[in-house]
Amino acid sequence: MYRYRRKLSLGLKEAEEKFKAKLEEKGYKVVLEFTPSDVVRAKVGVDMEPYRILWVCNPKIFYEMTKKDYEIGSFAPCPVLFYRKDGETYVAINTADDVLEIIKEPLEVVRGVIEEL
């Protein structure tokens, strides 16, 4: 597995807002948001630094990807991680080499948005 990660000089909320705005400029949207750190706190009783997952999608491109591999849904929409660790804010995406060609364009758009943060 390959990971693209970037440390940001922004707070978590500001980073997410900036990411969403830049993403929409490229025709993508966050279609689902999840905060595992809240679930850990509620279910396990452990406090951890904020950890968020935003699923990013362009419906037209998703449809085109399903024409190449109908089961691409396990990789798309693209999950983007936003988290705090040791007081620092990070954003990251993971890709797998065997599906890289199918999801290359959406990942490059998301990676470009991350670079613009």
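Residues numbered from 1 in each chain as written. Predicted model: local features only at pLDDT ≥ 70, side-chain atom pairs only at ≥ 80, totals over all residues. Heavy atoms only, no water.

In the annotation of an unreviewed UniProt entry, the entry for the protein reads DUF302 domain-containing protein, and the organism field reads Thermococcus camini.

Structural notes on the pairing of strand β3 (residues 51–57)
Among the seven residues in β3, five count as buried, and that is most of the element. Sheet topology note: the strand β2 (residues 29–34)/β3 ladder contains five bridges and is antiparallel. By the bridge assignment, E33 is partnered in β3 with L54. Note: β3 against strand β4 (residues 78–85), six bridges, orientation antiparallel. Across the sheet, L54 pairs through a bridge with V80, a residue of β4. (Buried < 20%, exposed > 50% of the residue type's maximum accessible area, 1.4 Å probe, protein only. Helix = DSSP H or I, 4+ residues; strand = E, 2+ residues; numbered from the N terminus. Pairing = 2+ DSSP bridges.)

Observations concerning the environment of N58
Mapping N58 onto the fold places it in the loop between β3 and α3 (59–68). In this structure N58 comes out as buried when scored by relative accessible area, which is 15%. Along the chain, N58 and V31 lie 27 residues apart, while their C-alpha atoms are 9.2 Å from each other. Among residues more than four places away in sequence, those in contact with N58 are G27 and Y28. (Contact = heavy atoms within 4.5 Å.)

Overview of the pattern of salt bridges
Summed over the entire model, instances satisfying the criterion amount to eight salt bridges. Here K20 makes a salt bridge to E33, at a shortest N to O gap of 2.8 Å. Of the two residues, K20 sits in helix α1 (residues 12–25) while E33 sits in strand β2, which places them 13 residues apart along the sequence. The partly exposed category is assigned to K20, whose relative accessible area is 26%. The partly exposed category is assigned to E33, whose relative accessible area is 38%. A single network of salt bridges, built from pairs that share partners, joins E16, K20, E33 and R52. (Salt bridge = Lys/Arg side-chain N within 4 Å of Asp/Glu carboxyl O.)

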